[in-house]
Amino acid sequence: MSAIPDGAPGRRPHPSPDGPGRGPDTAEAEGRPKPKAGRNLPVAIGVGLGISAVVIASIVFQPLIFLGLAVVAVAVACWETGNAMRKGGKNVPVIPLAAAGVLIVVLAWFGGATGLLLGTAVSVAALYVWRLSDGATGYRTDIAAAALVLIQVPFLAGFVMLLATSDTGEARLIDGAAAQVLIYLFAVVMSDTGGYAAGVLFGRHQMTPRISPKKSWEGLAGSVVAAALGGSITLWAFFGVSFPLGVAFGVCVALAATLGDLSVSLLKRDLGIKDMSNLIPGHGGVMDRLDSILMVAPVAYVWFRYLLG
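Only a predicted model underlies this, so the values are computations on that prediction, with no experimental measurement involved. (Residues numbered from 1 in each chain as written. Predicted model: local features only at pLDDT ≥ 70, side-chain atom pairs only at ≥ 80, totals over all residues. Heavy atoms only, no water.)

Undergrad: Can you lay out the overall build of the chain for me, pointing to particular residues and giving the numbers?
TA: Within the chain, the regular secondary structure consists of nine helices and two strands. Starting at the N terminus and ending at the C terminus, the chain contains elements arranged as α-α-α-α-α-α-β-β-α-α-α. Counting every position in the chain, which comprises 309 residues, the buried fraction comes to 45%. A separation of at least 24 residues holds for 68% of the contacts in the chain among residues at least 6 apart in sequence. Accessible surface computed for the chain: about 15,200 Å², of which carbon and sulfur atoms make up 69%. (Helix = DSSP H or I, 4+ residues; strand = E, 2+ residues; numbered from the N terminus. Buried < 20%, exposed > 50% of the residue type's maximum accessible area, 1.4 Å probe, protein only. Contact = heavy atoms within 4.5 Å. Areas by Shrake-Rupley, 256 points an atom, 1.4 Å probe, with all protein chains shown as cover.)

What follows is the structure in structure tokens.
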């Protein structure tokens, strides 16, 4: 680690996900009140509710539409993240990455865990072949960056496909596979909502100031409580799972969601950008909304296999 502090002569300041050159204390330094929410909240809520309604309807009534939505979301997220990598100086193939993302998700849907692993392995191997023609300069970093996109987006999304096509567990009211996906997504939404509310109302102690300055320990506590509450209630309602196990499930969801959010925030900070894109009003890019959802997917998959057999 360098002994030169941030802001000292000769050291480039760390880019902030709050915007290029705008650290967490910029508003205070300019004499303006520091905003508690970084986005247009009414627009963000409206768009979020609309997307949630479409996703819920698809997974409950027509799973193939859910697959279509997942394919589009993964392809766009790969495109966004690949473009961000290119802006950061990494020579990654944006369109092939998006195509590989579609392949992995579709194989996971129709081929289960074997399809997920096969699709990921073939896609990573294809990256090595693709990069051969550009020579040795930057080879390691380019391959690593492209592989990171594949693992961070379609591979993790593949676990959602495994949940959506699972034949384990008989749920009340709706299909068991649909119930698993809804419980998992609801727990993530509860984690994000609880963390946001607790952070805005009570946030005083920064959790990771060098990665995501707006995250606080109070917000993390809100995420854990909300996800534990949401997970325990929905697991009991659909599958009759005991509340202690539901609480443990929710705690794991909150921790994984926070790690997912932080990992993407760290990537954006390294690349010097605030959002992956501006495709979704009030939310940024598709990847900005999928960060915590994707990281939780394998955790939820393991939990459901344990709880439902």
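Anyway, onward from the coordinates.
Undergrad: Now, about the nonpolar core: what can you tell me, with residues and values included?
TA: Among the nonpolar cores identified, the biggest contains 69 residues, and Met161, Tyr184, Phe249 and Phe304 are the most heavily contacted of them. For this core, the secondary structure elements donating two or more residues are helix H3 (63-87), helix H4 (94-131), helix H5 (139-164), helix H6 (176-202), helix H7 (217-239), helix H8 (243-271) and helix H9 (286-308). With 15 residues, the top contributor of residues to this core is H5. When near neighbours in sequence (up to four residues on either side) are disregarded, methionine 161 contacts Phe66, Leu67, Ala70, Val105, Ala108 and Trp109. (Core = buried A, V, L, I, M, F, W, Y, C linked by side-chain atoms within 4.5 Å.)

Undergrad: Explain the pattern of salt bridges residue by residue, including any values.
TA: All chains considered together, the criterion is met by three salt bridges. Put simply, aspartate 288 and lysine 268 hold a salt bridge, and the shortest N to O gap is 2.7 Å. Linking aspartate 288 in helix H9 with lysine 268 in helix H8, this pair joins segments that are 20 residues apart in sequence. Each of the two residues, aspartate 288 as well as lysine 268, counts as buried. (Salt bridge = Lys/Arg side-chain N within 4 Å of Asp/Glu carboxyl O.)

Undergrad: Please give an account of the packing of aromatic side chains that cites residues and values.
TA: Counting across every chain of the model gives six aromatic pairs. Ring plane angle 90° and centroid distance 6.2 Å describe the contact between phenylalanine 249 and tryptophan 303, whose orientation is recorded as edge-to-face. Placement of the pair is phenylalanine 249 in helix H8 and tryptophan 303 in helix H9, with a sequence separation of 54 residues. This pair shows no difference in class: phenylalanine 249 is buried, exactly as tryptophan 303 is. Here the aromatic residues Phe249, Trp303, Phe304 and Tyr306 are joined through ring pairs into a cluster of three or more. (Phe/Tyr/Trp six-rings, centres within 6.5 Å; stacked < 30°, edge-to-face > 60°.)

Undergrad: Please provide a residue-by-residue account of H7, values included.
TA: Under the 1.5 Å per step criterion, the end-to-end length of H7 is 32 Å for 23 residues, consistent within 8% with the ideal 33 Å. Of the residues flanking the end of H7, it is glycine 240, one or two places downstream, whose phi is positive at about 70°. (Expected span 1.5 Å × (residues − 1).)

Undergrad: Can you tell me about a nonpolar patch on the surface, naming the residues and giving the values?
TA: On the surface, Leu229, Ile233, Trp236 and Phe243 cluster together into a nonpolar patch covering about 400 Å² of accessible area. Turning to its location among the elements, phenylalanine 243 is positioned in helix H8. Using a relative accessible area of 43% as the deciding quantity, one classes phenylalanine 243 as partly exposed. (Patch = residues over 30% accessible without salt bridge, like charges linked within 9 Å, V, L, I, M, F, W, Y side chains within 5 Å.)

Undergrad: Any chance you could break down the pairing of strand S2 (residues 212-216) for me, citing the residues and the numbers?
TA: Sheet analysis places strand S1 (residues 206-208) next to S2, joined by two bridges and oriented antiparallel. Its bridge partner being in S2, threonine 208 is matched across the sheet by serine 212. Linking S1 back to S2 in an antiparallel pair, the connection comprises three residues. (Pairing = 2+ DSSP bridges.)

Undergrad: Hey, could you go over the packing of H8 against H9 for me, with residue numbers and the actual values?
TA: Two elements in contact, H8 and H9, have axes separated by 8 Å at closest approach and are oriented at 150°. Where H8 crosses over H9, the two elements pack in a sense that is right-handed. In terms of residue class, the contact of H8 with H9 is made up of 18 nonpolar, three polar and four charged. (Axes fitted to C-alpha atoms, helices over the stretch in contact; angles between N-to-C directions. Left-handed = near helix turned anticlockwise from the far one by under 90°. Nonpolar A, V, L, I, M, F, W, Y, C, P; charged D, E, K, R; others polar.)

Undergrad: Please set out the environment of threonine 193 residue by residue, giving values where relevant.
TA: Tracing the sequence through the fold places threonine 193 in helix H6. Given a relative accessible area of 48%, threonine 193 falls into the partly exposed group. Distance from threonine 193 to alanine 226, taken between C-alpha atoms, is 7.8 Å for residues 33 residues apart in sequence. A distance of 2.8 Å separates the side chain of threonine 193 from the backbone oxygen of valine 189, its partner in a polar contact. (Polar contact = N/O pair within 3.5 Å; in protein donor to acceptor, adjacent residues only side chain to side chain.)

Undergrad: Outline the packing of H6 against H9, supporting the account with residue identities and numerical values.
TA: In contact at an axis separation of 10 Å, H6 and H9 are set at 130° when each is read in the N-to-C sense. As far as their axial angle goes, H9 and H6 are oblique. Relative to H9, the crossing made by H6 is right-handed. Packed against H6, whose contacting residues are Gln180, Ile183, Tyr184, Leu185, Val188 and Asp192, the element H9 presents Ser292, Ile293, Leu294, Val296, Ala297, Ala300, Phe304, Arg305 and Leu308 at the interface. (Parallel < 35°, antiparallel > 145°, perpendicular 65-115°, else oblique.)

Undergrad: Summarise H6; cite the residues concerned and give the values.
TA: Here H6 spans 38 Å end to end across 27 residues, near enough to the 39 Å set by a 1.5 Å rise per residue. N-capping of H6 is provided by aspartate 175, with a side-chain oxygen placed 3.0 Å from the backbone N of alanine 177.

Undergrad: Now, about the side chain of serine 191: what can you tell me, with residues and values included?
TA: Within the secondary structure layout, serine 191 lies in helix H6. Sequence-distant contacts of serine 191, defined by excluding residues within four places in its chain, comprise Ser223, Ala227, Ala254 and Ala257.

Note that every value here comes from positions in space, so none of it alone points to a role or purpose.
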